[in-house]
Amino acid sequence: MALFLCLLFVLVSSANACDRCVHQSKAAYFSKASALSSGACGYGSLALGLSGGHLAAGVSSLYKDGAGCGACFQIRCINSTLCSSKGTRVTLTDLNHNNQTDFVLSSRAFMAMANQGMGQDILKLGIVDVEYKRIPCEYKNQNLAVRVEESSQKPNYLAIKLLFQGGQTEIVGMDVAQVGSSNWNFMSRNYGAVWDTSRVPTGALQFRFVVTSGFDGKWIWAKSVLPADWKTGVIYDSGVQITDIAKEGCSPCDDGSWR
């Protein structure tokens, strides 16, 4: 227990203490959303179901070695003639290797920042100045889901992908055990939203997740997720929803409000 508390403290302390404050940067776009859906988070075509094709690749400080996968952001360009004051919501699905912009958006998301009828005009610019902030992800009537990856090989290897992670949170650790057992085995982040282990318990499986949100963190326990006859390529309902909102200490001049 002492080891767990120490680990949780380290993981929570590493969280961004001002994650939902307004930041200024630039954003570009990819012409095809598929370029972002097949990116570093590993969502593949499932990414299109997360935010209606409003996808984003974020720089490493937003990608966070994969912990930022699935994070939601409100983003707007600051050209008031061309762009709306509201902007649009995007989901992070890829790593942006170009440090000239914090985001590379799908063309659909890029156009959604524009005023009505000006979508093509913003595309012609290619890159725009933006403001953005982290916001909670909302998946109404949708629990956190677990997809068993095709690379899994019972009984020696299990790889899963996490989907529909709500709230303003990051999953920074997880364990797996047989349902009814307290013998937990840790899982490692393989990449992006994919976690794996070579120590696969037999029978039906339960999971527990270390979830952080700003300065706060806790365990979330999904008591029965995978049946004993789990199959690759299948998405399973975890039975739990994550809705936590970050507790943060933004400075008064950068408090998360649109200016």
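The structure presented is a predicted model; accordingly, all values stated were derived computationally and were not measured. Residues take numbers from 1 onward in each chain, read along the sequence in its written order. Totals for whole chains, interfaces and linings use all residues, but because this is a predicted model, local features are given only for residues with pLDDT of at least 70 and pairs of side-chain atoms are given and counted only at 80 or more. Hydrogen atoms and water are omitted, and side-chain values are computed over all heavy atoms in the structure.

Tell me what's going on with the packing of aromatic side chains, and back it up with residues and numbers.
Each pair of aromatic rings taken from Phe, Tyr and Trp, with Trp reduced to its six-membered ring, is defined by centres within 6.5 Å and is described as stacked if the planes are under 30 degrees apart, edge-to-face if over 60, and tilted in the remaining cases. As enumerated under the stated definition, the model contains six aromatic pairs in all. Between F207 and F209 the ring centres are 6.4 Å apart and the planes differ by 25°, which places this aromatic pair in the stacked class. Taken as a pair, F207 and F209 share a single burial class, namely buried. Linked through ring pairs, F73, F103 and Y132 together constitute an aromatic cluster. Between K154 and the ring centre of W230, over which it is positioned, the NZ or CZ distance is 4.6 Å. Using a 1.4 Å probe on the protein chains alone, a residue whose accessible area is under 20% of its type maximum counts as buried, one over 50% counts as exposed, and one in between counts as partly exposed. The rule for a charge over a ring is simple: NZ of Lys or CZ of Arg within 6 Å of the ring centre, and within 35 degrees of the ring normal.

For the state of the cysteines, give the residues involved together with the corresponding values.
By convention in this document, the label disulfide applies to cysteine sulfur atom pairs within 2.5 Å. Counted by the stated rule, this structure contains three disulfides. The disulfide partner of C41 is C69, and the gap between their sulfur atoms is 2.0 Å. Of note, the bridge from C41 to C69 carries an S-S torsion of about -90° and is left-handed in sense. Of this pair, C41 sits in the loop between α2 (34-37) and α3 (48-51) while C69 sits in the loop between α4 (60-63) and β3 (72-77); the two residues are 28 residues apart in sequence, bridging distant segments of the chain. In this description a helix means any DSSP run of H or I spanning at least four residues, a strand means any run of E spanning at least two, and both kinds are numbered starting from the N terminus.

I'd like to hear about the nonpolar core, residue by residue, with values.
Within the largest apolar cluster, 40 residues are counted, with the highest numbers of intra-cluster contacts made by Y43, F73, I75, F103, L105, M113 and I122. Elements with a minimum of two residues in this core: β2 (55-58), α4, β3, β4 (88-95), β5 (103-106), α5 (107-112), α6 (119-125) and β6 (127-135). All the domain ranges listed were derived from an automatic or database domain assignment. Taken together, domain 1 (23-135) and domain 2 (144-240) each give at least three residues to this core, which thus spans both. We call two residues in contact whenever any of their non-hydrogen atoms come within 4.5 Å of each other. Beyond its immediate chain neighbours, meaning those up to four positions away, I122 contacts C77, L82, C83, F110, M111, M113, A114 and V128. Joining through side-chain atoms within 4.5 Å is the link that ties buried Ala, Val, Leu, Ile, Met, Phe, Trp, Tyr and Cys residues into a set, and such a set is a nonpolar core.

Can you tell me about the side chain of R76, naming the residues and giving the values?
Locating R76 in the fold gives a position in strand β3. The term polar contact refers here to a pair of N or O atoms within 3.5 Å; inside protein, the definition further demands a hydrogen-donor-capable atom paired with an acceptor-capable atom, and it admits residues adjacent in sequence only when both atoms are side-chain atoms. A polar contact is formed between the side chain of R76 and the backbone oxygen of S85, at a distance of 2.8 Å.

Tell me about the pairing of strand β12 (residues 205-213), and name the residues and values.
Across the nine residues that make up β12, a large majority, eight, are buried. Strand pairing is assigned whenever DSSP detects at least two bridges linking the two strands. Where strand β9 (residues 170-178) lies against β12, eight bridges are found, and the strand directions are antiparallel. Across the sheet, residue G173 finds its bridge partner in β12, namely V210. Examined bridge by bridge, β12 and strand β13 (residues 216-226) share eight bridges and lie antiparallel to one another. If you follow R208 over to β13, its bridge partner there is W221.

Quick one: what's the story with the sheet that holds strand β1 (residues 23-30), residue by residue and with numbers?
In space, the six strands of this closed barrel follow the order β1-β5-β2-β4-β3-β6, with mixed pairing throughout. Going across the sheet, the axis of each strand differs from the next one's by a mean of 45°, ignoring polarity. Comment: axis = line fitted to C-alpha atoms, over the contacting stretch for helices; angle = value between 0 and 180 degrees taken between N-to-C directions.

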